[in-house]
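Per-entry structural report
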2 protein chains.
Amino acid sequence: MADAPATGARRALYLEDLAVGDRFTSGTHALDAEQIKTFAQQFDPQPFHTDEEAAKATFFQGLAASGWHTAAITMRLLVDSGMPLAEGIIGSGGELHWAQPTRPDDVLHVESEVVEIVPSRSKPGRAMVQMHCRTLNQRGELLQSFKPKLVVTKRPAAQPA
Amino acid sequence: MADAPATGARRALYLEDLAVGDRFTSGTHALDAEQIKTFAQQFDPQPFHTDEEAAKATFFQGLAASGWHTAAITMRLLVDSGMPLAEGIIGSGGELHWAQPTRPDDVLHVESEVVEIVPSRSKPGRAMVQMHCRTLNQRGELLQSFKPKLVVTKRPAAQPA
């Protein structure tokens, strides 16, 4: 079983290392207006993501990160420090929700919890692990909630715990 | 009501222009290994997204795009040509599913459909519009399904249809 919280953990966890209720906390990522605009110019070129002045008159009332930017930073935090799975973080998707806009001065981190573990019927060494990953800013405000189903495998026979 | 399909449409649609069943088809985006690796190095640095050789021995059995890369390209296609909403594409999230890996030679497009329109009780000029956005490759294979809820507003009084 994993310790909780395993901040910045780099350990390689397999299926038998996980239990429902295990929690992980990632490191942090400091955002700024330049990052927001650079991502948006490539993937989500709408005024509220690319131009501080134009953003003021929009729904967001100021520059906000693309939700996909928040999601991408979340993934980077999970890969680097937030979810130390031995075979990698491999998901088929899940329910994604942006609770409030991510702003230029936000410092993001991700808190994750194992919600459910469903062993595969067809593949004995494998399970679908439901996680709940919450992306928060430095004030503890929820920016994004994601509930991915991940493919997690057992430790190979040759590799001791 | 919007025409179906409205390939490459640049018209600025408001709430009263939308009806359940309306469909939109985006332009295309041709992926390649360099784009996959560049995105992954920044946001999802796992071997199956960053290294063709290392990827062969993984779950994906070859280089695959990060799911977040598929999602980001999908957004760009929607913004450029796939969903011509006057006030922009503003979503609070939704159910996201990656049906199969996106590969280096894939050419992506997005087919979207209006599934449900729920008028806001508190804000008369606004509704939550449930869409179903399917990202497909050049063989018509489903890569990603996303069911966002979008904020859509009525045409301003001063602006004729």
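The structure under discussion appears in the preceding block.
Residues take numbers from 1 onward in each chain, read along the sequence in its written order. As a convention, the first chain written is A and the first ligand written is 1, with the rest following in written order. Thresholds applied to this predicted model are a pLDDT of at least 70 for local features of residues and 80 or more for the giving and counting of side-chain atom pairs; totals over whole chains, interfaces and linings are not thresholded and use all residues.

All names here are of chain B. Inspection of the sheet shows strand β2 (residues 91-98) paired to strand β5 (residues 142-153) by 6 bridges, in the antiparallel sense. Paired with glutamate 95 across the strands is lysine 147, a residue of β5. Two strands pair when backbone bridges link them, and strand β4 (residues 126-136) and β5 are joined in this way by 9 bridges, in the antiparallel orientation. Residue pairing in the sheet places arginine 126 in a bridge with threonine 153 of β5. Strand pairing is defined by DSSP finding a minimum of two bridges between the two strands. Working definition: helices are DSSP H or I runs of at least four residues, strands are E runs of at least two. Numbering for both runs from the N terminus. Two successive antiparallel strands, β4 and β5, enclose a turn made up of 5 residues, where glycine 140 displays a positive phi of approximately 75 degrees.

Moving on to helix α1 (residues 33-43) of chain A. Backbone-placed C-beta atoms define the burial measure: a residue is buried with 20 or more other C-beta atoms within 10 Å of its own, exposed with 12 or fewer, and partly exposed in between. Taken together, the buried positions of α1(A) are A:Ile36, A:Phe39, A:Ala40 and A:Phe43. One side of α1(A) carries all its buried residues, which in axial view fall inside an arc of 100 degrees. Every exposed residue of α1(A) that faces more than 90 degrees away from the buried side is listed here: A:Glu34 and A:Gln41. Residues are defined as contacting one another if the C-beta atoms placed from their backbone atoms lie within 7 Å. Of the surrounding elements, those touching the buried residues of α1(A) are α2 (47-50) and α4 (67-82) of chain A together with α4 (67-82) of chain B. Arc definition: it is the arc formed by the directions from the helix axis to the C-beta atoms.

A few words on the relation of the copies chain A and chain B. Copy-to-copy alignment: least squares on C-alpha atoms, limited to residues at pLDDT 70 or above in both. Structural alignment of chain A on chain B gives an RMSD of 0.0 Å, achieved by rotating through 180 degrees and translating 0.0 Å along the axis. Taken together, these values place the two copies in the relation of a two-fold axis. Closest approach to the rotation axis among the C-alpha atoms of chain A is made by A:Glu95, whose C-alpha sits 2.2 Å away. Both copies present the same face, since 100% of the interface residues in chain A are matched by interface residues at the equivalent positions in chain B.

Pairing within the open sheet is antiparallel, and its 10 strands lie in the order β1(A)-β3(A)-β4(A)-β5(A)-β2(A)-β2(B)-β5(B)-β4(B)-β3(B)-β1(B). The open sheet has two edge strands, β1 (23-30) of chain A together with β1 (23-30) of chain B, and neither has a second partner. Strand-to-strand twist in this sheet, taken as the mean axis angle between neighbours without regard to direction, amounts to 20 degrees. Here, axes are lines fitted to C-alpha atoms. For helices the fit covers the stretch in contact, and angles between N-to-C directions go from 0 to 180 degrees. Running at roughly 120 degrees to β1(A), α4(A) makes contact with β1, β2 (91-98), β3 (107-119), β4 (126-136) and β5 (142-153) of chain A together with β2 of chain B of the sheet. Contacts from α4(B) reach β2 of chain A together with β1, β2, β3 (107-119), β4 and β5 of chain B, with the element oriented near 120 degrees to β1(B).

As a further point, take α4(A). Helix span, as expected, comes to 1.5 Å for every residue beyond the first. Counted at 1.5 Å a residue, the expected span for α4(A) with its 16 residues is 22 Å, but the 19 Å between its end C-alpha atoms falls short. Taken across its 16 residues, α4(A) has 15 buried, putting it largely inside the fold.

To continue, consider the interface of chain A and chain B. Each partner contributes residues to the interface: chain A has 27 residues there, and chain B has 27 residues. Elements supplying a minimum of two residues to the side of chain A that touches chain B: α4 and β2 of chain A. In terms of residue count, the dominant contributor to the side of chain A that touches chain B is β2(A) (8 residues). Note that Gly is not counted as nonpolar here; it falls among the polar residues with everything else outside the nonpolar set of Ala, Val, Leu, Ile, Met, Phe, Trp, Tyr, Cys and Pro and the charged set of Asp, Glu, Lys and Arg. Partitioning the side of chain A that touches chain B into residue classes produces 14 nonpolar, 9 polar and 4 charged. Note: β2(A) against β2(B), 5 bridges, orientation antiparallel. Within the sheet, the bridge partner assigned to A:Leu96 lies in β2(B) and is B:Gly94.

Here the focus is the nonpolar core. A:Trp68, A:Ala72, B:Trp68 and B:Ala72 are the most contacted members of the largest nonpolar core, which totals 76 residues. Discounting chain neighbours no more than four positions away, the residues touching A:Trp68 are A:Phe43, A:Asp44, B:Trp68, B:Ala71, B:Ala72 and B:Met75. A set of buried Ala, Val, Leu, Ile, Met, Phe, Trp, Tyr and Cys residues, joined through C-beta atoms within 7 Å, is what we mean by a nonpolar core.

All right, on to unusual backbone geometry then. Positive phi, normally seen in glycine, also occurs at A:Gln61, with a value near 55 degrees. Structurally, A:Gln61 can be placed in the loop between α3 (52-55) and α4.

Once that is clear, we can look at the environment of A:Gln35. Secondary-structure assignment places A:Gln35 in helix α1. For the pair A:Gln35 and A:Glu113, spaced 78 residues apart in sequence, the C-alpha separation works out to 28 Å.

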